[in-house]
Amino acid sequence: MMENKNKFENGRLLRILGIETSCDETAAAVVENGRHILSSEIASQIEIHARYGGVFPEVASRQHVRTIYTVIDDALSQAHLSLDNIDAIAVTRGPGLAGSLVVGMNVAKGLALARNIPLIGVNHLEGHIYSAWVKPDDAEGEKPDPQFPILALLVSGGHTELYLMKDHLQYERLGGTLDDAAGEAFDKVARLLGLSYPGGPSIQEAAMEGKPKAFQFPRAYLEGTWNFSFSGMKTAVLRVVRGIEKSGRSLPVADLAASFQAAVVDVLAGKTLLAAREFNPKVILVAGGVSANQALRQTFMDQTDYVVHIPPLSLCTDNGVMIATAGYFRFLNGQRDDLQIDVLPTWTLV
Ligand code: KG4
Ligand code: ZN
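Fair warning: this is a prediction, and the values are worked out from it, not measured in the lab. (Residues numbered from 1 in each chain as written. Chains lettered and ligands numbered in written order. Predicted model: local features only at pLDDT ≥ 70, side-chain atom pairs only at ≥ 80, totals over all residues. Heavy atoms only, no water.)

S.K.: Please give an account of the coordination of the zinc ion (ligand 2) that cites residues and values.
M.R.: For the zinc ion (ligand 2), every protein donor is listed as His124 (NE2), His128 (NE2) and Asp318 (OD), and the spread of their distances is 2.0 to 2.1 Å. Donor residues for the zinc ion (ligand 2) sit on one chain with the sequence pattern H-x3-H-x189-D. Separated by four residues within a single helix, His124 and His128 lie in helix H5 (residues 124-130), roughly one turn from each other. Judged by its relative accessible area of 1%, His128 falls in the buried class. (Donors = N, O, S within 2.8 Å, 3.2 Å for Na, K, Ca; no water. Helix = DSSP H or I, 4+ residues; strand = E, 2+ residues; numbered from the N terminus. Buried < 20%, exposed > 50% of the residue type's maximum accessible area, 1.4 Å probe, protein only.)

Written out as structure tokens, the structure reads:
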């Protein structure tokens, strides 16, 4: 296995500063040997964007400029380190909002140049996946690394993808969403229900008081493919909402939220477990913002056929730790990027 062969894994500690600015979180973290968090700082812009009902790209980019140096300084001082003790800088290169990515990339380049340390451009999706290698400092203790082959379900605001990984940094894309990403569907339905941004956590909270079987929303299983589709489900919610509004009754928000959440979870977990039966992985890995969803986590935890890795809540949504960790495995693989590299707003993993 790659990590056992590498000289860094046999003795020397390798500390990587991870920088993430792909969307609306300005984040930096220092991670040791890709697994141990020395610090993690996140300046969330949620409150700023909430009034627009979603991320306002221009505002996001300006806010990153305002906070990035403080976030990096805080990450270093929390780790009791200076840049002199950092072995490489990993930064999100894409996918994401161009104006936001550029802020992190330019700062990373500046620091790498000034300190003459390697720069590693990281794919944000790979970051989410590699959060499964991070060892959380909690009761779970020293969890073993996920074993290959891995079936990885990546569910975030911009992506819903199913990959088969036979080894580190190797992805076979089995399928993905044909329309909305799962997180995007949560965000759009939340808006329909008058719930606040980001929609995932709001729907989860509202759903706690609701009945998941109150409404039967359509589940698109797209049999014969490993693709997903959430637009039909979203339109069905819209139709019910319009009908109720027309009748003058008040919206049963909790029941609608619970029923929608149940439909999304059924499809995500159902298709992933079906793929697991087909590909027989050693581990199912679930990552990305939507993996914070309690109903989804519970559904995966309740099945007993597979070992499932889902990151702790703090690592599900965007953070610098996952970028440092993915950067570490890229570093071991020999990746060193030129200071001329540019951001890639639509970068796919495969
Ligand atoms: O990974 P992430 O932080 O950013 C992207 O890479 O997109 O994911 C953000 C997405 C948002 O759509 C948000 O509504 C969703 O993750 N999300 C959730 C939950 N927490 C965040 N969706 C469902 N349930 C949650 N608890
Ligand atoms: Zn993300």
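Okay, back to it.
S.K.: I'd like a description of the sheet that holds strand E1 (residues 15-20), backed by residues and values.
M.R.: Spatially, E3-E2-E1-E4-E5 is the arrangement adopted by the five strands of the open sheet, whose pairing is mixed. Each end of this open sheet is capped by a strand with a single partner; those strands are strand E3 (36-44) and strand E5 (119-123). Between one strand axis and the next, the sheet turns through 20° on average, direction left out of account. One ladder, built from five bridges, connects strand E4 (residues 88-94) with E5; its direction is parallel. Counted as the bridge partner of Thr92 is Val122 from E5. (Pairing = 2+ DSSP bridges. Axes fitted to C-alpha atoms, helices over the stretch in contact; angles between N-to-C directions.)

S.K.: Give a description of the domain arrangement of the protein that names residues and reports values.
M.R.: The domain architecture assigned to the protein consists of domain 1 (5-139 + 315-332) and domain 2 (150-310). The junction of domain 1 with domain 2 conceals about 1700 Å² of combined surface from both sides, 71% of it contributed by carbon and sulfur atoms. For the domain 1 face of the interface with domain 2, the top three residues by lost area are Leu125, Ile129 and Cys316, together amounting to 34%. Joining domain 1 to domain 2, the criterion identifies zero salt bridges. Applying the counting rule to domain 1 against domain 2 returns six residue pairs in polar contact (both at pLDDT 80 or more). Elements with a minimum of two residues in the side of domain 1 that touches domain 2: helix H2 (46-50), H5 and helix H11 (321-332). Broken down by element, the residue count for the side of domain 1 that touches domain 2 peaks at five residues, all from H5. Split into classes, the residues belonging to the side of domain 1 that touches domain 2 amount to 11 nonpolar, six polar and three charged. (Domains from an automatic or database assignment. Buried area = accessible area lost by both parts, 1.4 Å probe. Salt bridge = Lys/Arg side-chain N within 4 Å of Asp/Glu carboxyl O. Polar contact = N/O pair within 3.5 Å; in protein donor to acceptor, adjacent residues only side chain to side chain. Nonpolar A, V, L, I, M, F, W, Y, C, P; charged D, E, K, R; others polar.)

S.K.: Describe the sheet that holds strand E7 (residues 160-165), with residues and values.
M.R.: One open sheet holds the five strands; their spatial order is E8-E7-E6-E9-E10, and the pairing between them is mixed. Every interior strand has two partners, whereas the edge strands, strand E8 (172-176) and strand E10 (307-309), have only one. Adjacent strand axes in the sheet meet at a mean angle of 20°, parallel and antiparallel pairs treated alike. The pairing of E7 with E8 spans four bridges and is classified as antiparallel. By the bridge assignment, Leu162 is partnered in E8 with Gly175. Docked against the sheet, helix H10 (residues 294-302) engages strand E6 (150-155), strand E9 (283-287) and E10, running at close to 175° with respect to E9. (Contact = heavy atoms within 4.5 Å.)

S.K.: Summarise the side chain of Asp180; cite the residues concerned and give the values.
M.R.: Among the secondary structure elements, Asp180 is positioned in the loop between E8 and helix H6 (182-192). On the accessibility criterion, Asp180 (7% relative accessible area) is buried. Here Lys188 takes part through its side chain, which lies 3.1 Å from a polar atom of the side chain of Asp180. For Asp180, the contacting residues outside a window of four places in its chain are Ala185, Lys188, Phe230, Ser231 and Lys234.

S.K.: Got a sec to walk through the pairing of E3? Specific residues and values, please.
M.R.: Of the pairings in the sheet, the one linking strand E2 (residues 25-32) to E3 comprises eight bridges and is antiparallel in character. Its bridge partner lying in E3, Ala27 is registered against Ile42. Between E2 and E3, which pair antiparallel in sequence order, lie three residues; one of them, Asn33, sits at a positive phi of approximately 45°.

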